[in-house]
Amino acid sequence: MADGTVHLDGNCLAGPLSEILAVEPTTAWWRCPECTRSGPLAGLHVYGPEPGLTVRCPGCSYIALRLVREGEHIWLTVGGGSGAFRFSTA
Amino acid sequence: MPWRRVRLVERRSQTPSARSLVFAAPGWPGHLPGQHVDVRLTADDGYRAVRSYSLAAPADDESIELGVQTVPGGEVSPYLADDLPLGADVEVRGPLGNWFVWRTEQPEPVLLVAGGSGVVPLAAMIRAHHRTQSRSTFQLLYSVRTPDDVWYRDHLADGDPRHDVRIVYTREGPPAGARAPGRVGRSDLDGPASRLQPASPAYVCGPTGFVEAVGDLLTDMGRDPATIRTERFG
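Predicted model, so just to flag it, every value in this text is computed and none were measured. Within each chain, residues carry numbers counting from 1 in the order of the written sequence. Naming scheme: in the order in which they are written, chains are lettered from A and ligands are numbered from 1. With the structure being a predicted model, the display of local features is reserved for residues of pLDDT at least 70 and the display and counting of side-chain atom pairs for 80 or more, all residues being used for whole-chain, interface and lining totals.

Draft legend 1. Region of interest: the overall build of chain A. Each helix and strand counted, chain A has one helix and eight strands in total. Segments assigned H or I by DSSP are reported as helices when at least four residues long, segments assigned E as strands when at least two residues long, and all are numbered from the N terminus. The order of helices and strands in chain A, counted from the N terminus, is β-α-β-β-β-β-β-β-β. The quantity called the radius of gyration is restricted to C-alpha atoms. Its globule counterpart is 2.2 Å times the number of residues to the power 0.38. The C-alpha atoms of chain A give 12 Å as radius of gyration, which agrees with the globular expectation for 90 residues (12 Å, within 12%). Projected onto the principal axes, the alpha-carbon positions of chain A cover approximately 35 × 30 × 25 Å. Partly exposed residues are those whose C-beta has more than 12 but fewer than 20 other C-beta atoms within 10 Å; 20 or more makes a residue buried and 12 or fewer makes it exposed, with C-beta atoms placed from the backbone. Scored against the burial criterion, the 90 residues of chain A give a buried share of 34%. The contact criterion used here is simple: two residues whose C-beta atoms, placed from the backbone, lie within 7 Å are in contact. Restricting to contacts in chain A with at least 6 residues of sequence separation, those with at least 24 account for 32%.

Draft legend 2. Quick peek at the interface of chain A and chain B. At the interface, 19 residues of chain A touch 18 residues of chain B. Contributions of two or more residues to the side of chain A that touches chain B are made by strand 1 (8-9) and helix 1 (14-18) of chain A. Per element, the largest residue contribution to the side of chain A that touches chain B is three residues, and it comes from helix 1 of chain A. Lys, Arg, Asp and Glu make up the charged group, whereas Ala, Val, Leu, Ile, Met, Phe, Trp, Tyr, Cys and Pro make up the nonpolar group; the residues left over, Gly among them, are polar. Of the residues that constitute the side of chain A that touches chain B, the class distribution is eight nonpolar, eight polar and three charged.

Draft legend 3. Structural view of the nonpolar core. Residue and element names in this part refer to chain B. Any set of buried Ala, Val, Leu, Ile, Met, Phe, Trp, Tyr and Cys residues joined through C-beta atoms within 7 Å is what this text calls a nonpolar core. By size, the foremost hydrophobic cluster in this structure holds 78 residues, and its most contacted members are Leu112, Leu122, Leu140 and Tyr203. Among the elements that take part in this core, helix 2 (residues 119-130) stands out by supplying eight residues, more than any other. Domain delimitation follows an automatic or database domain assignment. A domain-level breakdown of this core finds at least three residues from each of domain 1 (3-96) and domain 2 (110-232).

Draft legend 4. The pairing of strand 1 (residues 3-15) of chain B, seen in detail. All names here are of chain B. Strand pairing is defined by DSSP finding a minimum of two bridges between the two strands. Bridge count between strand 1 and strand 6 (residues 89-96): five bridges; the pairing is antiparallel. Looking across to strand 6, one finds that Arg4 is bridged to Val92. With seven bridges connecting them, strand 1 and strand 2 (residues 18-24) associate as antiparallel partners. Looking across to strand 2, one finds that Arg7 is bridged to Ala24. Between the antiparallel neighbours strand 1 and strand 2 lie two residues.

Draft legend 5. Broad picture of helix 5 (residues 208-220) of chain B. All names here are of chain B. In this analysis, the expected span of each helix is defined as 1.5 Å times one less than the number of residues it contains. Taking 1.5 Å of rise per residue, 13 residues should cover 18 Å, and helix 5 covers 18 Å from first to last C-alpha, within 8% of that figure. Listed as buried for helix 5 are Phe210, Val211, Val214, Gly215 and Leu218. For helix 5, the angular spread of buried residues about the axis comes to 125 degrees, placing them on one side. With respect to the buried face of helix 5, the exposed residues turned more than 90 degrees away are Asp216 and Asp220. Tucked inside the fold, the buried residues of helix 5 contact strand 7 (110-115), strand 8 (138-144), helix 4 (186-194), strand 10 (202-206) and strand 11 (228-232). Of the residues one or two after helix 5, Gly222 is the one with positive phi, at around 100 degrees. This arc corresponds to the set of directions leading from the helix axis out to the C-beta atoms.

Quick look at the structure:
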């Protein structure tokens, strides 16, 4: 992750998501429900790593995914709403 | 995907602030040009830091080469670049990423556009292509601030007739330079783009602002957005 405030892209999610997904995720296709822009996860804009990773639509900033590491847990929220899945990696 | 311990066996300067690091990685499963690894450092007090670095070379005999640009004030890069002792271990996870890759079966001519340290994964692609019998051509447009900031001069001057490398300078160029220093613009991309096929991929890598500006230029020029693959280094 970058130390500054500029965003990265979904390529950097390959490692973190490998802890909870069995399939390589950066080529996954996503269509924004807000602005309908579509493309690979690799092209989404990634902010963080504090307080976690926030993954946004490059067109309208709609939140596609949030990923937070807390010790041996990883919290995954799909979309911008509430209701995170807590994965135990230990 | 497991974390593996790999041992630093070689450090080479590329620029005053950039290094090539070669690690012995027994059992390395191989990788595709363009992929990266995550490097994890653990301090004595248990504090961990993880950063991504691109693989700079095609898959080789149980060793991996990374390109590390020192970020001023960075937590990890200054240490990796200059302080990690030869013979010391770090943990790596990878290879990672199936999007920003070039595969040897791809037949089309390729455009690579690098900004600064963004040249690292593109150099892996050039070096991999060099080993093949492919007839496809590779064009690299490489943007740096000054001549001191060019990485991999040897690999980029490989004498391969299929490889065309143009270096453009944004702040200060060589004394007899034909192009005035400045950011990459349409005029730098028009020539290379004219030598591509419609399905040709363009790989753009470097700082976020650079990647987005170049991506916009390419789509404005009519390149199909689906053929443009980007990797932002922040």
